[in-house]
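Next come the chains, spelled out residue by residue.
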Amino acid sequence: MTPSRRKLPPLNALRAFEVSGRRLSFRAAAEELSVTQGAVAQQVRALEQHLGQALFQRLPRGLVLTPQGAVYLTDVTRAFDTLGEATGRLLERPDTVTISVTPTFAAKLLIPRLAELNAALPGVELRTVATEALSDFERDQVDIAVRLTRPPFPSGVEAKLLFHQELVAVASPHLVKDLPLPLSTERLRELPLLHDAHGHWPMFLRADSKLPGAVFNQTTLALDAAMAGQGIALACRAFVAGDLEAGRLVQVTDEAIIKEPSYFLVRKRSSLPHAPRDAVWDWCVARLSLSVD
């Protein structure tokens with residue numbers, strides 16, 4: 001007896017529904033799928049007709065899942081996750097782990113420890129993607145990410161606090177060698193300030209307006225300028241701990257400010273084991289974490 005075929009709706013329609021359900025917007029779904037908004041809406045309507053029931057309520061400013069649509073979305077998302085993981089295992093080397101980090105995190109914390117990681121995990125090939133952009137675990141094929149973020153996190157994401165963003169003012173010891181430390185706020189304002197894209201100097205100095213100084217799009221560039229004696233940089237203590245210990249930088253004030261959000265290690269939850277990914281995750285928690293939940 002020939003087994004019956006699976007009773008599956010059109011897969012393109014399922015994909016359109018899954019993305020629309022996650023984004024709660026046909027427009028956002030169209031952008032993610034690189035198709036027109038009308039095409040997404042048409043695919044979802046076709047799926048609803050196939051199933052004989054509504055999956056969304058259409059509102060002027062977006063979508064709301066119907067109760068049956070919410071239940072269906074959970075199952076469909078799980079099915080696509082399984083397909084994505086299976087495809088990833090087929091296409092990727094099983095011992096390759098991709099981690100997405102900010103450029104400053106890469107330069108100041110991860111790269112200096114790569115030799116240590118390679119020694120601890122000799123069978124794992126770590127692929128590092130340094131970017132400020134948020135990563136999509138499926139689209140970008142990222143296994144683990146480090147991001148400046150805050151709870152709560154989606155149920156499908158596992159997160160581990162690495163450290164809080166403790167801001168300190170630092171400079172080359174040559175720049176401040178003739179100045180008594182710690183510097184007062186008034187004296188600090190008289191020195192050249194180095195700004196990054198986060199723009200925390202007005203908050204740190206309690207200034208009501210923008211402060212003059214060189215501006216860099218990445219914190220690591222501002223820190224390089226500080227080590228070159230070009231001015232005072234403001235950075236997370238975790239990123240300058242090694243330079244402070246080595247004497248390449250000195251903290252020029254006693255003040256330190258804890259600023260939210262914090263740095264978290266994040267990954268997509270999965271019921272399927274992946275030994276290399278889990279090993280890198282555990283190593284990052286052990287070697288890069290400066291805080292305890």
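Because the structure is predicted, anything quoted here is derived from the model rather than measured. (Residues numbered from 1 in each chain as written. Predicted model: local features only at pLDDT ≥ 70, side-chain atom pairs only at ≥ 80, totals over all residues. Heavy atoms only, no water.)

Student: Mind showing me how you'd approach the overall build of the protein here?
Tutor: Counting its regular elements, the protein contains 11 helices and 11 strands. On C-alpha atoms alone, the protein measures out to a radius of gyration of 24 Å, which is more than a quarter above the 19 Å that the 2.2 N^0.38 rule sets for 293 residues. Overall, the C-alpha framework of the protein stretches about 90 × 50 × 30 Å when taken along its three principal axes. When burial is assessed residue by residue, the protein has 40% of its 293 residues classed as buried. A fraction of 71% describes how many contacts in the protein between residues 6 or more apart in sequence connect residues 24 or more apart. Total accessible area computed for the protein in this model is approximately 16,400 Å², and 54% of it derives from carbon and sulfur atoms. Across the protein, the mean location of the 33 positive side-chain charges is 6 Å away from that of the 32 negative side-chain charges. (Helix = DSSP H or I, 4+ residues; strand = E, 2+ residues; numbered from the N terminus. Rg over C-alpha atoms; globule rule 2.2 N^0.38 Å. Buried < 20%, exposed > 50% of the residue type's maximum accessible area, 1.4 Å probe, protein only. Contact = heavy atoms within 4.5 Å. Areas by Shrake-Rupley, 256 points an atom, 1.4 Å probe, with all protein chains shown as cover. Lys, Arg positive; Asp, Glu negative; His and termini not counted. Charge placed at Lys NZ, Arg CZ, Asp CG, Glu CD.)

Student: Looking at this model, I keep getting lost on the packing of helix 1 (residues 11-23) against helix 3 (residues 37-51). Mind explaining?
Tutor: Two measures define how a pair of helices packs: the angle their axes make with one another and the distance between the axes. Viewed as axis vectors pointing N to C, helix 1 and helix 3 meet at an angle of 110 degrees, and their least axial separation amounts to 8 Å. Classed by the angle they form, the pair helix 1 and helix 3 counts as roughly perpendicular. Of the residues in helix 3, those in contact with Asn 12, Ala 13, Leu 14, Ala 16, Phe 17 and Ser 20 of helix 1 are Val 40, Gln 43, Val 44 and Leu 47. For the contact of helix 1 with helix 3, the residue count by class is 7 nonpolar, 3 polar and no charged. (Axes fitted to C-alpha atoms, helices over the stretch in contact; angles between N-to-C directions. Parallel < 35°, antiparallel > 145°, perpendicular 65-115°, else oblique. Nonpolar A, V, L, I, M, F, W, Y, C, P; charged D, E, K, R; others polar.)

Student: Got a minute to help me understand the packing of aromatic side chains in this structure?
Tutor: Remark: the centre distance and the inter-plane angle together describe each pair of aromatic rings, the angle taken between the planes. Taken as a whole, this structure holds 11 aromatic pairs when the rule is applied. Centroid distance Phe 105 to Tyr 263: 6.5 Å. Interplanar angle 35 degrees. Geometry classified as tilted. On the criterion of sequence distance, the pair formed by Phe 105 in helix 5 (residues 103-110) and Tyr 263 in strand 11 (residues 257-268) is long-range, its members being 158 residues apart. Per residue, the accessibility class of Phe 105 equals that of Tyr 263, and both read buried. One Lys or Arg, Arg 15, reaches over the ring of Phe 80 and ends 5.5 Å from the middle of that ring. Sitting over the ring of Trp 281, Arg 267 keeps its end group 4.2 Å from the ring centre. (Phe/Tyr/Trp six-rings, centres within 6.5 Å; stacked < 30°, edge-to-face > 60°. Lys NZ or Arg CZ within 6 Å of the ring centre and 35° of its normal.)

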